[in-house]
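Letter by letter, the chains look like this.
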Amino acid sequence: MAHLLVVESWVGSMSRLLPQALEEGGHHFTFLTRDLHHYLRSAPEGTGHPLLTARNVITAPTNDTDSLLPQVERLHDAMHFDGVVTSCDYYLPTAARIATLLGLPGASAAAMENACRKDATRRVLAAAGVPGPRFAVCADGAEAAVAARDIGYPLVVKPVDLCAGMFVRRVDDAEQLAGACRALAASPVNARGQRRAPHILIEEFLRGPEVSVETVTYRGVTHVVGVTDKSVGGAPAFVETGHMFPADLGPADLAAATGTAVRAGAALGLDDVVAHTEIKLTADGPRVVEVNPRPAGNRITELVRRVTGIDLAAACVDVALGREPDLHRRDTGLRSAAIGFLVPDSAGTLTSVEGVEGVRGADGVLELQIAEAGRAVRAADSNNAYLGHIMAGDATGLGARQRVETLLAGVRPLLVRS
C-alpha cells in the first residue's frame, strides 16, 4: 500500500477515476487544495463524493509554488508520500516540482512545463523537426495582426495556458482576429485563480480528421495503447462532440499518427507519464495539435478501458510510484466504444430532455448521463458546457460511433430562453 499526494483535481469524471484507481490499487491519498469549496458540489455521475475516500484533506497555497514547497516538505516529513499526482492540467508542473523536491518518481518539471504551455510545446517540437502547423507567438493583438498576414487566413487563435478548448477560435479575417484577441485579454485569470500568460498563439488552420494517441511512457520506453478519433462542432469554437476508441484508421494513418505522437513526447522529454497527444491527419501528413501529459479527459480513458481492459488512471498512479504499469490487453467483449455529448447551441434554463427514455436500455448503451432540470445553459463555446453524454459499445466491430450518433439524434434538450 502506498500513500500518494494528490494536488488539486477536476470536478468531473477524472475526479472519480483517479481516486477509484487509487482505491482499487490498495493505496490511500492526501488531498491538497487551496479552495475546498471548489469541490463541494454534487458528486460526478451520482457516485459518492471522491474526497470521502481521502485519508487527509489539507488546505495549502497550491497557486503559490514558492510558498507551497516548504509546506509540502514538512508534510512529507510527517506523513511520507510515495508519489505525487494530479488530474488537473493547471497543476501538472506543480506536481512535477513537488516530486522532484521530494525525490519521488515522475516526469521532470521542465518537461511538464513545456508540455503544458502551448507556445513552449510549439517551439520545442519545431526545433526537433516534429511536424505541426505554422505558428506565431504574439504579445498582443497588434503583433497577431502582423503575424496573421504572414501565415495567412484562416487561422486558429489560442491561449497558451488554458485547456478544454477555452477561447480557441477559428478566425477568417482581421476583424475576427481582433475580436478573439480582445476576448483573451479580457480573461486574465483561469478557472483556478491563476494569472494567465498574456501571450497569444496563432496557428495555421489544419484541415483533416483529428485523432488522439493514448500512450504510457515508463523508464524511457513509450507504449502506444491506441488511437481515439474525435468529432468537433461549435464553429468558430472547437467543441469536442464525440469520440470512438479505437479510431477507424488504415494502417498508414495509424502508423503516421502513433509515430508522430511518440516523437513529440520524446522531443519534450516526457518520461514516467501517461499522455494524450492530439494529431491532425492532413493531406501533407500528420501534424501535432497539442500534447497533454496526463490521461485523456472526456471519458476517453473509460472508452479505452471498456475495449482493452487497460486502466490509464491506474497507469498514471503506477508511473507516479515508479512502478511498471499493467498494460496487458484483456478480452472485454467489445471491439469499439464511443461517446457522444449533448452540446447546447442556445442559452436558457434546462426544463427537460426529450428522448432520454428511448435511450435507456437501448442495445449497447454503457453510460447515460443527462443534466438535471433547472440548470442554467449557455451555447457551448468549449468542452465545459455539455448537458450530458451517451456511451455505447459494439461487440462485433467499429460500429460504436454510429450507434451513439443514432441515439443522440433522438435526444433534444428543452430550454426556457433567457
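Nothing here was measured: the structure is a model prediction, and the numbers come from that model.

A. View of the overall build of the protein chain. Assigned secondary structure in the protein chain consists of twelve helices and 19 strands. Its C-alpha radius of gyration of 21 Å places the protein chain within 12% of the 22 Å reference for a compact globule of 418 residues. C-alpha atoms of the protein chain, sized along the principal axes, occupy 55 × 55 × 50 Å. Per-residue burial for the protein chain yields a buried fraction of 53% across its 418 residues. Across the protein chain, contacts joining residues at least 24 apart in sequence account for 70% of those joining residues at least 6 apart. When the accessible surface of the protein chain is split by element, carbon and sulfur atoms take 51% of a total near 17600 Å². For the protein chain, the distance from the average position of its 40 positive side-chain charges to the average position of its 48 negative side-chain charges is 3 Å.

B. Seen up close, the packing of helix α5 (residues 118-128) against helix α8 (residues 251-268). Where α5 meets α8, the closest approach of the two axes is 9 Å, and the angle between their N-to-C directions is 105 degrees. In terms of their interaxial angle, α5 and α8 are classed as roughly perpendicular. Between α5 and α8, the residues in contact are Thr121, Val124, Leu125 and Ala128 and Arg263, Ala264, Ala267 and Leu268, respectively. Looking at the contact of α5 with α8 residue by residue, the classes come out as six nonpolar, one polar and one charged.

C. Molecular detail of the sheet that holds strand β1 (residues 3-7). If you walk across this open sheet you meet the four strands as β3-β2-β1-β4, and the pairing is parallel. Of all strands in the sheet, those bounded by a partner on one side alone are β3 (56-59) and β4 (83-85). On average, each strand axis in the sheet is inclined to that of its neighbour by 25 degrees, with strand direction left out of account. Across four bridges, the pairing between strand β2 (residues 28-33) and β3 is parallel. Bridge pairing in β3 links Thr30 to Asn56.

D. Fine view of a nonpolar patch on the surface. On the surface, Leu36, Leu40 and Val57 cluster together to form a nonpolar patch covering roughly 240 Å² of accessible area. Mapped onto the elements of the fold, Leu36 is located in the loop between β2 and β3. Classification of Leu36 as partly exposed rests on a relative accessible area of 32%.

E. Examining the nonpolar core more closely. Within the largest apolar cluster, 25 residues are counted, with the highest numbers of intra-cluster contacts made by Val216, Val225, Val274, Leu303, Val304 and Leu312. Among the secondary structure elements, those contributing two or more residues to this core are β9 (210-218), β11 (239-245), α9 (300-308), α10 (312-320) and β14 (336-341). Setting aside chain neighbours within four positions, we find Leu303 in contact with His243, Met244, Phe245, Ala337, Ala338, Ile339 and Met391. By size, the runner-up hydrophobic cluster in this structure holds 24 residues, among which are Leu92, Val213, Leu281 and Val291.

F. Representation of α5 in the model. Burial in α5 covers these residues: Lys118, Asp119, Ala120, Thr121, Arg122 and Leu125. Buried residues belonging to α5 abut α4 (109-116), β5 (135-138), β6 (155-159), β8 (200-204), α8 and β13 (285-292). Phi for Gly129, located one or two positions after α5, is positive at around 80 degrees.

G. A look at the UniProt feature "domain: ATP-grasp" (unreviewed entry) in the protein chain. Within the UniProt annotation, "domain: ATP-grasp" (unreviewed entry) is assigned to residues 122-321. Secondary structure across residues 122-321 comprises 33% helix and 32% strand; the distance between its end C-alpha atoms is 30 Å.

H. A look at unusual backbone geometry. Cis geometry is adopted by the peptide bond preceding Pro236, which originates at Ala235 and carries an omega value of 10 degrees. Tracing the sequence through the fold places Pro236 in the loop between β10 (221-233) and β11. Backbone torsion omega between Phe245 and Pro246 reads -5 degrees, so that peptide bond is classified as cis. By the element assignment, Pro246 lies in the loop between β11 and α8.

I. Seen up close, the packing of aromatic side chains. For the structure on display, the rule yields two aromatic pairs. Ring geometry for Phe31 against Tyr39: centres 5.1 Å apart, planes inclined by 85 degrees, an arrangement best described as edge-to-face. Each member of the pair, Phe31 as well as Tyr39, carries the same accessibility label: buried. The residue whose ring lies beneath Arg170 is Phe205, and the NZ or CZ to ring-centre distance is 4.5 Å.

So, how was this worked out
- Residues numbered from 1 in each chain as written.
- Predicted model: local features only at pLDDT ≥ 70, side-chain atom pairs only at ≥ 80, totals over all residues.
- Heavy atoms only, no water.
- Helix = DSSP H or I, 4+ residues; strand = E, 2+ residues; numbered from the N terminus.
- Rg over C-alpha atoms; globule rule 2.2 N^0.38 Å.
- Buried < 20%, exposed > 50% of the residue type's maximum accessible area, 1.4 Å probe, protein only.
- Contact = heavy atoms within 4.5 Å.
- Areas by Shrake-Rupley, 256 points an atom, 1.4 Å probe, with all protein chains shown as cover.
- Lys, Arg positive; Asp, Glu negative; His and termini not counted.
- Charge placed at Lys NZ, Arg CZ, Asp CG, Glu CD.
- Axes fitted to C-alpha atoms, helices over the stretch in contact; angles between N-to-C directions.
- Parallel < 35°, antiparallel > 145°, perpendicular 65-115°, else oblique.
- Nonpolar A, V, L, I, M, F, W, Y, C, P; charged D, E, K, R; others polar.
- Pairing = 2+ DSSP bridges.
- Patch = residues over 30% accessible without salt bridge, like charges linked within 9 Å, V, L, I, M, F, W, Y side chains within 5 Å.
- Salt bridge = Lys/Arg side-chain N within 4 Å of Asp/Glu carboxyl O.
- Core = buried A, V, L, I, M, F, W, Y, C linked by side-chain atoms within 4.5 Å.
- UniProt positions renumbered as here; feature names shortened; annotations may be inferred.
- Phe/Tyr/Trp six-rings, centres within 6.5 Å; stacked < 30°, edge-to-face > 60°.
- Lys NZ or Arg CZ within 6 Å of the ring centre and 35° of its normal.

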